[in-house]
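Residue-level structure breakdown
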Amino acid sequence: MGNDPRNGGANPNVPQPIRPDGAGATDFGPRDVMRDMENPDLLVPPVTDAGTVPNLKFSFSDTHMQLNHGGWSRQITVRELPIATTLAGVNMRLTPGGVRELHWHQQAEWAFMILGRARITAVDQDGRNFIADVGEGDLWYFPPGIPHSIQGLEEGCEFLLVFDDGSFSDLNTLSISDWFAHTPKEVLAANFGVPESALVGIPKEQRYIFQAELPGPLETQKVPDPYGTVPKSFTHRLMAQTPIVTPGGTVRIADSTNFPISLRIAAALVEIKPGGMRELHWHPNNDEWQYYLTGTGRMTVFAANGTARTFDYRAGDVGYVPFAFGHYIQNTGDRSLWFLEMFKSDRFADVSLNQWMALTPKQLVQDNLHASPALMNSLRKEKWPVVKYPAT
Ligand code: MN
Ligand code: MN
């Protein structure tokens, strides 16, 4: 392509919006070559892509960082990715001792610890408390309205928070310091039975994230618990779970069947090995919100009426699939692609195209698709969420 006069002397190492059959033309610019290289399936879409499909990708690298002493946060909500109305995500980092302050909100909070460790605390409406240390691959869940906190331990930590409302903002939660700052001192004095002089040091505004001393080991942080602890654990060890293993990868599902407190958010942690693919499927319960952890992949979403579009994803991206739209995800790299599938639902549920066809009268499927005997023989009653077949 480098010597093609239509290239106008373009660098052959720079990708151009040109198909092997010659369709397209060089991009004279202005252009962002790095981004074009990250989005090969937008620059030169598969020929099966067609029609108008809303944007289904947003990178945390394109979001505003909230920097505080003690850590940072950034979020992808309906303001960044307008189609993502069901769930919102926050990527947060806390230093050793860094605290996400005592707060609560109207939304359920689900979390995945990416790296490091943290201590979480909560107290429910019956005075039952929950204090636990969480590490890499652990989940936590706080029901809507339940007050809680997060603090980084020795190694600090980084995690993903997911909320069951796309319009959520982590900067607009109900915070203890904010409430104190906006309550008259005499009211606080009356509420706690102290003189106003006992309230001189309280913060004048919401603290959000702040630096504190490292807390001691859990055993040293005992609090009175006359009402015991919460009946359903707020944490779940996802990586300790035995995965579903298929030739293409692994899947770990966490929903209210094995993480009973998590009534509003269901999740699957998926690994697609090199050359593997999350099979053609859809979800019969709700939209899918994705967070890509490592590796690179591409997803094509089929949106009915002849429309389909392919998006490229990498670590730090959020992907989205509207309710019931068909999709698949391929690993495009040479190492495992890991990502989270999230749903505003009490259960994880998916419908496999392959299994559907296998469990439908053969003649009907054959007639519908003019299916060859080879295709009919490939159908599987068993569901393989991630597939990889030997090259034929
Ligand atoms: Mn929270
Ligand atoms: Mn899916």
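Since the model is a prediction, treat every value here as computed from it, not as a measurement. (Residues numbered from 1 in each chain as written. Chains lettered and ligands numbered in written order. Predicted model: local features only at pLDDT ≥ 70, side-chain atom pairs only at ≥ 80, totals over all residues. Heavy atoms only, no water.)

1. Regarding the overall build of the protein
Within the protein, the secondary structure is distributed over 7 helices and 24 strands. If you line up the protein on its principal axes, its C-alpha atoms span 80 × 55 × 35 Å. Taking as baseline every contact in the protein between residues at least 6 positions apart, the subset at least 24 positions apart corresponds to 74%. Accessible surface, the protein as shown: approximately 19300 Å² in total, 57% of it carbon and sulfur. Positive and negative side-chain charges in the protein, numbering 33 and 43 respectively, have mean positions lying 4 Å apart. (Helix = DSSP H or I, 4+ residues; strand = E, 2+ residues; numbered from the N terminus. Contact = heavy atoms within 4.5 Å. Areas by Shrake-Rupley, 256 points an atom, 1.4 Å probe, with all protein chains shown as cover. Lys, Arg positive; Asp, Glu negative; His and termini not counted. Charge placed at Lys NZ, Arg CZ, Asp CG, Glu CD.)

2. Quick word on the layout of surface pockets
Its boundaries defined by the atoms lining it, the largest pocket holds a volume of some 610 Å³. Elements that contribute at least two residues to the lining of the largest pocket include exactly α1 (33–38), β1 (57–59), β6 (109–123), β17 (288–294) and β19 (308–314). Taken together, the residues of the lining of the largest pocket break down into 15 nonpolar, 8 polar and 9 charged. The residues that make up the lining of the largest pocket include at least three from each of domain 1 (62–236) and domain 2 (241–387). In this model, the second largest pocket occupies a volume close to 510 Å³. Forming the walls of the second largest pocket are 25 residues, and the residues nearest its centre are Leu102, Thr121, Ala122, Val123 and Ser149. Mapped onto the lining of the second largest pocket, the elements with two or more residues apiece are β5 (98–104), β6, β7 (129–134) and β9 (148–163). (1 Å grid on protein atoms, 1.4 Å probe; cavity = no way out; pocket = protein on both sides within 12 Å on 5 of 7 lines; lining within 4 Å. Points joined across faces, edges and corners; volume = space filled by probe spheres on them. Nonpolar A, V, L, I, M, F, W, Y, C, P; charged D, E, K, R; others polar. Domains from an automatic or database assignment.)

3. Considering the domain arrangement of the protein
One can read the domain layout of the protein as domain 1 (62–236) and domain 2 (241–387). Put simply, the middle of domain 1 and the middle of domain 2, counted by C-alpha atoms, are 32 Å apart. Domain 1 puts 28 residues into the contact, and the matching count from domain 2 is 24 residues. Between domain 1 and domain 2, the buried area comes to about 2300 Å², and carbon and sulfur atoms account for 76% of it. In this structure, Arg264 engages Asp164 in a salt bridge whose closest nitrogen and oxygen atoms are separated by 3.2 Å. Where domain 1 packs against domain 2, one counts 5 residue pairs in polar contact (both at pLDDT 80 or more). Elements with a contribution of two residues or more to the side of domain 1 that touches domain 2: β4 (88–94), β6, β8 (138–142), β9 and β12 (235–237). By residue class, the composition of the side of domain 1 that touches domain 2 is 19 nonpolar, 7 polar and 2 charged. (Buried area = accessible area lost by both parts, 1.4 Å probe. Salt bridge = Lys/Arg side-chain N within 4 Å of Asp/Glu carboxyl O. Polar contact = N/O pair within 3.5 Å; in protein donor to acceptor, adjacent residues only side chain to side chain.)

4. Quick look at the side chain of Asn129
Assignment of secondary structure puts Asn129 in strand β7. For Asn129, a relative accessible area of 10% puts it in the buried group. In this view, Asn129 contacts Ala122, Val123, Val223, Pro224, Asp225, Gly228, Thr229 and Val230; residues no more than four positions away in its chain are not counted. (Buried < 20%, exposed > 50% of the residue type's maximum accessible area, 1.4 Å probe, protein only.)

5. Some thoughts on the pairing of strand β22 (residues 337–343)
Burial within β22 is extensive, with 6 of its 7 residues counted as buried. Summarising the sheet, β17 and β22 pair through 5 bridges and their orientation is antiparallel. Bridge pairing in β22 links Trp289 to Met342. (Pairing = 2+ DSSP bridges.)

6. A few points about the sheet that holds β17
Strands pair in a sheet through their backbones, by hydrogen bonds, and they do so in one of two ways: parallel or antiparallel. One open sheet accounts for 7 strands, arranged β1-β20-β17-β22-β15-β14-β13; its pairing is antiparallel. Strands at the two margins of the open sheet, each flanked by one partner only, are β1 and β13 (244–246). Averaged over all pairs of adjacent strands, the angle between strand axes in this sheet comes to 20°, irrespective of strand direction. (Axes fitted to C-alpha atoms, helices over the stretch in contact; angles between N-to-C directions.)

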